[in-house]
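Geometric and topological summary
Residues per chain, in single letters:
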Amino acid sequence: MQPRRDCRNFRPFDPITREQLCVMLARFAEYAGLPLEIAPGDAGFTDADSISPWAREEVSVFEQTGVVTGMADGSFQPQKAATR
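Here's a quick rundown of the structure.

**Overview of a nonpolar patch on the surface**
There is a patch of nonpolar side chains on the surface, built from Phe-28, Tyr-31 and Leu-34 and spanning about 410 Å² of accessible area. Along the chain, the position of Leu-34 falls in the loop between α1 (18–32) and α2 (56–64).

**With respect to the nonpolar core**
Within the largest apolar cluster, twelve residues are counted, these being Cys-22, Val-23, Ala-26, Ala-43, Phe-45, Ile-51, Ala-55, Val-59, Val-61, Phe-62, Val-68 and Phe-76. Taken together, the elements giving at least two residues each to this core come down to α1 and α2. With near-sequence residues (within four places) excluded, Ala-55 lies in contact with Glu-19 and Val-23.

**Looking at the side chain of Ser-75**
Within the fold, Ser-75 resides in the segment after α2. At a separation of 2.6 Å, a polar atom in the side chain of Ser-75 contacts the side chain of Asp-73. If sequence neighbours within four positions are ignored, Ser-75 has contacts with Phe-45, Thr-46, Asp-47 and Gly-70.

Thresholds, definitions, all that
Residues numbered from 1 in each chain as written. Predicted model: local features only at pLDDT ≥ 70, side-chain atom pairs only at ≥ 80, totals over all residues. Heavy atoms only, no water. Patch = residues over 30% accessible without salt bridge, like charges linked within 9 Å, V, L, I, M, F, W, Y side chains within 5 Å. Areas by Shrake-Rupley, 256 points an atom, 1.4 Å probe, with all protein chains shown as cover. Salt bridge = Lys/Arg side-chain N within 4 Å of Asp/Glu carboxyl O. Helix = DSSP H or I, 4+ residues; strand = E, 2+ residues; numbered from the N terminus. Core = buried A, V, L, I, M, F, W, Y, C linked by side-chain atoms within 4.5 Å. Buried < 20%, exposed > 50% of the residue type's maximum accessible area, 1.4 Å probe, protein only. Contact = heavy atoms within 4.5 Å. Polar contact = N/O pair within 3.5 Å; in protein donor to acceptor, adjacent residues only side chain to side chain.

Below is the structure:
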């Protein structure tokens, strides 16, 4: 029998951030074989340096595809809770 995994970091009932949502959508698209055609580059948000390194590419992809948009001031606010 395998040891039980530590699930303290999973937090299934916590709100998801905007950058986490981009990473999850990108992983789903890859799993489902859905191509995401994008030009290489960074997201054009005014707060692009506040996007976590592990999410930068995915945020850029979804900005370029129009799936996510920034706030009225041109920021992305990556740690803000995602909304529908």
